[in-house]
Amino acid sequence: MKKSLWTVLSLVLVASVLLTACGTATPTQAPATQPPAAATQAPAATAAPAATAAPAAVELTIWHGYHAGGSEEATINKIVADYMAANPNVKITVLEVPFDQLFNKWDTAVAAGQTTPDMFTAPNDNLGTEVRAGTVAPIDDLVKGKLDGYTQAGINGVTVDGKMYAVPGIAKAVGLFYNNTTIPNPPKTTDDLLALVKSGKKLGLNNSDYFMFGFFGGFGGQLMDSTGKCTATQGGFADALQYFKDLQAAGANLDTDEGKLETAFTQGQLDMVVTGPWVLGDFEKALGSKLSVEPLPAGPKGPSAPMMGIDGWYLNPNSTNQQAAIDFALYAFGKDGLTQYENNAGDPAARSDVTTTDPLVKDFADIAAAGYPRPQSAEFGNYWGPFGDMITAALSGKASPTDAVATACAAMDKANKK
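Worth saying up front: this structure is predicted, and the values here are computed from it rather than measured.

(A) Geometry of the overall build of the chain. Of the regular secondary structure elements, the chain holds 16 helices and 13 strands. Long-range pairs, those at least 24 residues apart, make up 77% of the contacts in the chain with a sequence separation of at least 6. Carbon together with sulfur atoms contributes 56% to the accessible area of the chain, which is approximately 20,300 Å² in total.

The following block contains the structure:
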């Protein structure tokens with residue numbers, strides 16, 4: 001009995017163990033390759049990137065000498081407005097300074113240590129003198145790698161002693177504007193021009209040593225030799241002065257008031273006027289298809305070669321915003337900015353990537369390309385006063401052309417210690 005009871009109890013115990021084992025088995029377990037639970041948790045949130053700092057506010061003051069109310073002034077104002085819209089951190093104040101005061105005001109401000117204006121734009125009329133006086137800053141480092149598209153002539157025009165002093169933009173030289181309804185056959189030579197004036201056609205010519213300069217070469221004149229010594233007495237200059245006197249006697253309007261001559265031309269009081277592309281946009285608005293342009297007539301000794309200048313943006317060495325100023329200059333005289341100058345003001349761009357659509361702008365580009373690059377030497381800086389006086393003396397009859405040239409050449413050499 002005891003043995004049987006033990007046997008029964010043993011069987012019950014074994015069955016209990018088996019039942020327990022079967023109760024803990026999980027036939028639907030995940031395969032061993034399933035990743036652990038921690039690996040399937042949502043990734044931790046990443047930190048948001050730090051906010052980009054807004055560009056620092058910049059205030060620039062720029063000067064120009066464009067005709068008040070003219071197309072060049074309207075163009076620069078539009079370019080400034082566009083630039084500020086695209087760069088809201090930049091505020092630009094634009095000031096128009098009468099051109100005959102521009103260089104003196106700039107030099108005075110910079111020499112006094114003023115930090116504004118930051119820049120001004122003008123032809124390279126006074127560049128060599130300003131470089132030697134230290135009133136413009138070299139910009140080579142500020143424009144390094146940013147000069148694609150600028151012509152070599154443009155770069156050369158703002159370079160003195162191997163350093164660049166402006167962002168170049170516009171090539172300028174004077175030509176002969178004429179009304180093609182009253183002058184169907186424009187003059188090709190100085191003899192042609194004199195004959196037209198004698199026939200009653202009206203010519204306006206600014207009697208200054210800038211506007212008249214090209215004619216001196218046409219009569220065979222050369223201002224200086226390679227050392228800077230004046231050579232005007234060796235021929236050409238006196239003949240050109242006599243030609244101006246002949247034009248005047250025939251009825252040409254020789255006047256120092258540029259604006260007066262230009263107004264007379266747009267109002268039909270003149271058939272022809274010698275001036276530059278800075279008024280092309282305004283002339284086209286006034287005359288439309290009646291307007292045409294020719295190079296200055298060739299003289300008896302060869303082509304007339306007007307002085308060719310390059311407009312640039314010049315930097316104040318005292319400016320505290322030099323890079324910001326140059327960035328604007330590169331925009332204003334970049335491809336898009338100079339396209340506006342060409343289309344709206346008629347200014348030929350000193351860039352190879354601006355497509356000229358106006359044939360008169362192309363005419364002026366060709367005139368500038370054939371012009372006499374304005375020298376920047378110290379010797380040439382002493383041309384202006386003596387030769388301006390020369391023209392006045394000869395045209396007023398106070399001196400003969402020969403004597404007037406001799407006096408001017410002697411004064412230039414004296415100033416240059418030649």
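There is more to say, and it comes next.
(B) The arrangement of the pattern of salt bridges in detail. Here the structure, examined in full by the defined rule, presents 11 salt bridges. Salt-bridge contacts for K78 lead to D82; the nearest nitrogen and oxygen are separated by 2.8 Å. Here D82 and K78 lie together in helix α2 (residues 71–86), a separation of four residues that amounts to about one turn. The exposure class of K78 is partly exposed, given its relative accessible area of 42%. The class for D82 is partly exposed, based on a relative accessible area of 24%. A single network of salt bridges, built from pairs that share partners, joins E72, K172 and D311.

(C) Broad picture of the side chain of E73. Structurally, E73 can be placed in helix α2. No salt bridge forms around the buried E73; measuring N to O, its nearest opposite-charge neighbour K285 is 10 Å away.

(D) Looking closely at the layout of surface pockets. Approximately 1,000 Å³ is the volume found for the largest pocket. Lining of the largest pocket is provided by 34 residues; of these, F99, D100, D125, F211 and E258 occupy positions nearest its centre. For the lining of the largest pocket, the secondary-structure elements that each account for two or more residues are α3 (99–111), β3 (119–123), α10 (258–266) and β12 (307–315). Per-element accounting of the lining of the largest pocket gives the leading share, six residues, to α3. Here the lining of the largest pocket is composed, by residue class, of 13 nonpolar, 11 polar and 10 charged.

Analysis parameters
Residues numbered from 1 in each chain as written. Predicted model: local features only at pLDDT ≥ 70, side-chain atom pairs only at ≥ 80, totals over all residues. Heavy atoms only, no water. Helix = DSSP H or I, 4+ residues; strand = E, 2+ residues; numbered from the N terminus. Contact = heavy atoms within 4.5 Å. Areas by Shrake-Rupley, 256 points an atom, 1.4 Å probe, with all protein chains shown as cover. Salt bridge = Lys/Arg side-chain N within 4 Å of Asp/Glu carboxyl O. Buried < 20%, exposed > 50% of the residue type's maximum accessible area, 1.4 Å probe, protein only. Lys, Arg positive; Asp, Glu negative; His and termini not counted. 1 Å grid on protein atoms, 1.4 Å probe; cavity = no way out; pocket = protein on both sides within 12 Å on 5 of 7 lines; lining within 4 Å. Points joined across faces, edges and corners; volume = space filled by probe spheres on them. Nonpolar A, V, L, I, M, F, W, Y, C, P; charged D, E, K, R; others polar.

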